[in-house]
Amino acid sequence: MNIQIPDHISAIKRYQPGKTIPQLQEEFGWEKVAILWNNENTLGYSPKSKDAVVNAYDSINYYPDPISADLREKLSERIGRPTEQIVLGNGSESVLMLTIRALCSGDDEFLTSGGSFVIVYNWARINNVRCVSMPLTESYGFDLEAIKSRINRNTKIIYLANVNNPTGTMITKAELGDFMQNVPDHILVIVDEAYFEFSESLHKDFPNSLEMDYPNLLTLRTFSKAYGIAGVRLGYAVGNEKIIESITKTKLTFEPTALAQAAGLGALDDTDFLKKTIENNKEGLKYFTSELSRLDVQFVPSYGNFIMTVWKDQQEVDKVFNELMKKGVLVRPLAGSLEHCIRISVGRPEENEHFIHSLESI
Ligand SMILES: Cc1ncc(COP(=O)(O)O)c(C=O)c1O
């Protein structure tokens, strides 16, 4: 094959999917399974979102509304920001990728922290943008001082995940306010709030970046976590009209799909399901923290729907991961970034107990 692949694409390591759950089930013959590796909503999804998707299927022969007018209108009412400040995409991952594509060129740099959401580094590199990562603090949080000190004339975007995945640490309202005051306004600060609905229920002072008035702040939110519709892919960004317009120009014409738009409309109607999800998460995190303390397992206090445990080294992590896998407990070892750590998502009570009992037996 004689076609030249650009160096910045050749250098990317492809996402390596593991075995599927049915393949693993066949291999291990589990009686019980706890799927706690992707921070998904294991309570399921809202029946209202399913009804909306089933209805929308009747029009599946037509292209979707390219501007998601109904969903943007409903979101606008919900979050108190005008529709012109909202753009939707195939998950917040897509909106993040589009933001980099829309804003960066030449020597522009993407500045963030190591030990954050693994996908962001790749999206910068795939778009041929230099990605600069500062180390996490000793307590596994974003080091905002270090990030500020690394700003240079090429810095175009700063990415903050609040809460951070996988560490579960939060940036407080005062810290975020202070950071925004000090970052030059020609740099876009992306605040990724994928876990916002959980975080605001877990800490009274959790910052809602949608209430902060900075033209260079872009908030990312998703329907994949608290709303339980990760499989249909729906996320959005909220920010200054000019930024949103540029992101809109770069998105696929008919992104997100008609089924995703319908699922989102249905999900927003179901406050009961959202409440149940948030309550289940609060209880699950409380259970994890008390049981992990009892078992003397080190962990980082979390404000998301997952918790990060800290082990001696990667060898110990591999052993715990493999033993849990044999018992049907699927968790996420953090090889490549925090190789001495394992992240566990909060599941249904019986899944959480299965994890703790399995860990205790190991
Ligand atoms: C911090 C963070 N941002 C974004 C996402 C991706 O969300 P989406 O499913 O909307 O692409 C995740 C998913 O795990 C995440 O942890």
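Structure first, text after, so check above.
Residues numbered from 1 in each chain as written. Predicted model: local features only at pLDDT ≥ 70, side-chain atom pairs only at ≥ 80, totals over all residues. Heavy atoms only, no water.

### Focus on the pairing of strand S8 (residues 235–238)
Right, on to step 1. Going residue by residue along S8, you find Gly235 and Ala237 tucked away on one face and Tyr236 and Val238 tucked away on the opposite face as well.
Right, on to step 2. Bridge analysis of strand S7 (residues 217–222) against S8 gives 4 bridges, and the strand direction is antiparallel. Considered in S8, the bridge of Thr222 is made with Gly235. (Buried < 20%, exposed > 50% of the residue type's maximum accessible area, 1.4 Å probe, protein only. Helix = DSSP H or I, 4+ residues; strand = E, 2+ residues; numbered from the N terminus. Pairing = 2+ DSSP bridges.)

### Concerning the site of the ligand
Right, on to step 1. Neighbouring the ligand are 13 residues; Ser92, Asp192, Tyr195, Thr222 and Ser224 lie closest to it.
Right, on to step 2. Within the backbone of Glu93, one N or O atom sits 3.0 Å away from an oxygen atom of the ligand.
Right, on to step 3. Between the ligand and Thr222, the relevant distance is 2.5 Å, taken from an oxygen atom to a side-chain nitrogen or oxygen of the residue.
Right, on to step 4. Within the complex, 93% of the 400 Å² of free accessible area of the ligand lies under protein.
Right, on to step 5. Here the shell around the ligand takes 3 residues from helix H5 (residues 91–103), the largest share from any one element.
Right, on to step 6. In the shell around the ligand, the residues fall into 4 nonpolar, 5 polar and 4 charged. (Near = heavy atom within 4 Å. Polar contact = N/O pair within 3.5 Å; in protein donor to acceptor, adjacent residues only side chain to side chain. Areas by Shrake-Rupley, 256 points an atom, 1.4 Å probe, with all protein chains shown as cover. Nonpolar A, V, L, I, M, F, W, Y, C, P; charged D, E, K, R; others polar.)

### Some points on the side chain of Ser345
Right, on to step 1. Relative to the elements of secondary structure, Ser345 occurs in strand S13 (residues 341–345).
Right, on to step 2. Within the local environment of Ser345, its side chain forms a polar contact with the side chain of Asn39, the two groups lying 2.8 Å apart.

### Some remarks on H5
Right, on to step 1. Look at H5: 19 Å from first C-alpha to last across 13 residues, which is about the 18 Å you get at 1.5 Å a residue.
Right, on to step 2. By the criterion of burial, H5 is predominantly enclosed, with 10 of the 13 residues buried.
Right, on to step 3. Where H5 is concerned, the buried positions are Gly91, Ser92, Ser94, Val95, Leu96, Met97, Leu98, Thr99, Ile100 and Leu103. (Expected span 1.5 Å × (residues − 1).)

### What to know about the sheet that holds strand S3 (residues 109–113)
Right, on to step 1. The 7 strands are arranged S2-S8-S7-S6-S5-S3-S4 in an open sheet whose pairing can be described as mixed. With one partner strand each, in any of the chains shown, strand S2 (86–89) and strand S4 (130–134) form the two edges of the open sheet. Taking the axes of each pair of neighbouring strands and ignoring which way they run, one obtains an average angle of 20° across the sheet.
Right, on to step 2. Judged from the 5 bridges that link them, S3 and S4 form a sheet pairing that is parallel. Opposite Glu109, over in S4, you have Arg130 as the bridge partner.
Right, on to step 3. In this fold helix H4 (residues 69–79) packs onto S2 and S8, with an angle of close to 125° to the strand it touches most, S2. (Axes fitted to C-alpha atoms, helices over the stretch in contact; angles between N-to-C directions. Contact = heavy atoms within 4.5 Å.)

### Looking at the sheet that holds S13
Right, on to step 1. The 4 strands lie next to each other as S9-S10-S13-S12, forming an open sheet whose pairing is antiparallel. Strands with a single pairing partner mark the edges of an open sheet, and in this sheet they are strand S9 (298–300) and strand S12 (332–333).
Right, on to step 2. With 5 bridges connecting them, strand S10 (residues 306–310) and S13 associate as antiparallel partners. Counted as the bridge partner of Thr309 is Ile342 from S13.

### Brief notes about the pattern of salt bridges
Right, on to step 1. Counted according to the given criterion, the structure contains 14 salt bridges.
Right, on to step 2. Its salt-bridge partner being Asp269, residue Lys74 comes within 2.8 Å of it at the nearest N-O pair. One end of the pair, Lys74, is in helix H4; the other, Asp269, is in helix H11 (residues 258–269), and 195 residues separate them in sequence.
Right, on to step 3. On the accessibility criterion, Lys74 (21% relative accessible area) is partly exposed.
Right, on to step 4. By relative accessible area, which is 40% here, Asp269 ends up partly exposed.
Right, on to step 5. In this structure, Arg130 and Glu109 form a salt bridge, with 2.9 Å as the shortest nitrogen-oxygen distance. In this pair, Arg130 sits in strand S4 while Glu109 sits in strand S3, placing the two residues 21 residues apart along the sequence. (Salt bridge = Lys/Arg side-chain N within 4 Å of Asp/Glu carboxyl O.)

### Quick notes on helix H12 (residues 271–294)
Each turn of an α-helix holds 3.6 residues, which means side chains three or four residues apart point in the same direction.
Right, on to step 1. Between its first and last C-alpha atoms H12 spans 35 Å; for 24 residues at 1.5 Å apiece the expected length is 34 Å, and the two agree.
Right, on to step 2. Buried within H12 are the following residues: Phe273, Leu274, Thr277, Ile278, Asn280, Asn281, Gly284, Leu285, Phe288, Glu291 and Leu292.
Right, on to step 3. Contacts made by the buried residues of H12 are with helix H9 (196–202), S9, S10, S13 and helix H14 (349–361).
Right, on to step 4. Looking at the residues trailing H12, positive phi occurs at Asp296, about 65°.

### Overview of the packing of helix H3 (residues 47–56) against H11
Right, on to step 1. Packing of H3 against H11 brings their axes to within 7 Å, and their N-to-C directions diverge by 145°. At the point where H3 passes H11, the crossing takes the right-handed sense. Seen from H3, the contacting residues are Lys48, Ser49, Ala52, Val53 and Ala56; seen from H11, they are Ala258, Leu259, Ala262, Ala263, Gly266, Ala267 and Asp269.
Right, on to step 2. Classifying every residue of the contact of H3 with H11 gives 8 nonpolar, 2 polar and 2 charged. (Left-handed = near helix turned anticlockwise from the far one by under 90°.)

### As for the pairing of strand S5 (residues 155–161)
Right, on to step 1. Counting buried residues along S5, 6 of its 7 residues qualify, which places the element largely inside the surrounding structure.
Right, on to step 2. Bridge count between S3 and S5: 3 bridges; the pairing is parallel. Considered in S5, the bridge of Phe110 is made with Ile157.
Right, on to step 3. For S5 and strand S6 (residues 188–192), the ladder comprises 5 bridges, and the chain directions are parallel. Across the sheet, residue Leu160 finds its bridge partner in S6, namely Val191.
Right, on to step 4. Crossover handedness for the path S5 to helix H8 (residues 173–182) to S6: right-handed. (Right-handed = clockwise from strand over helix to strand, strands pointing away.)

Everything listed here is a matter of geometry and, on its own, says nothing about what the molecule does.
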